[in-house]
Amino acid sequence: LHVRSRRQRQMCIRDRAKRALRIETRERRMARSEAERNALGDAITTRLQELVTSRNAKRVAAFLSTPLEPQLDPFLRWARTAGITVLLPISREDGLLDWVVDTGEYRQNEQLRVPEPVGTPVAPIEFDSVDLVICPAARVDRWGGRLGWGGGYYDRMLDSCTQCPPVFALIHDDELVDSVPLAPHDVRVDGVVTPTQCIEFNG
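Predicted model only: the values in this text are computed from it and were never measured.

**Student:** Can you help me understand the pattern of salt bridges in this one?
**Tutor:** Opposite charge on two side chains allows them to pair when their charged atoms are near. Inspection of every chain in the model, using the stated rule, returns 14 salt bridges. Of the charged contacts in the structure, one is a salt bridge between Asp174 and Arg32, with a shortest N-O distance of 3.5 Å. Residue Asp174 is found in the loop between β9 (167–170) and β10 (176–177), and its partner Arg32 is found in the loop between α1 (2–30) and α2 (34–54); the two are separated by 142 residues along the sequence. Overall, Asp174 belongs to the partly exposed group, its relative accessible area being 34%. In this structure, Asp102 and Arg80 form a salt bridge, with 2.7 Å as the shortest nitrogen-oxygen distance. In this pair, Asp102 is assigned in the loop between β3 (97–101) and β4 (106–109) and Arg80 in helix α3 (residues 73–81), connecting sequence segments 22 residues apart. With a relative accessible area of 9%, Asp102 lands in the buried category. Given a relative accessible area of 35%, Arg80 falls into the partly exposed group. When salt bridges that share partners are traced, they join Glu24, Arg28, Arg32, Arg139 and Asp174 into one network.

Procedures and definitions
- Residues numbered from 1 in each chain as written.
- Predicted model: local features only at pLDDT ≥ 70, side-chain atom pairs only at ≥ 80, totals over all residues.
- Heavy atoms only, no water.
- Salt bridge = Lys/Arg side-chain N within 4 Å of Asp/Glu carboxyl O.
- Helix = DSSP H or I, 4+ residues; strand = E, 2+ residues; numbered from the N terminus.
- Buried < 20%, exposed > 50% of the residue type's maximum accessible area, 1.4 Å probe, protein only.

This is the structure in structure tokens:
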């Protein structure tokens, strides 16, 4: 009982730390003006183009940004004109993700309050053929530890991959930190993309 209580206390401390960091990240992002967000989105588009081109990636899994996230719209428009297939996620009620090929047509998931692509989900085996995954994050540490937004969708998806391609989290420069609180089920990422740089972690 003593060990169980100690573990429970550690879990509570970790969960509180995660919530506090998510709140702080949201507040920082909300404080940015629309002009700042647009400028950061343009800069991130350049970094993503460099990453995709350097890896000769032809199929990329990405996501649709909410107003508080680094904006991916310019990158998605570029990818469509460059002949790069982008898969975008749809959140399922069972906590998993389906994937739809991006066509530029979107709708709002009113329950989760996130944008989602319109289209028919691809077969799960098609996800195994992507060359690169771009995922959202609140914070990432310098060893690839990723603090997500609490839904666990990407942790479950990445943990279930049989042949997972390189995974890069999309964050702002001030969100790459020395450490983040992690749970055993939290999946590490291979690198980050920020407005100023692409970093691939070693090991």
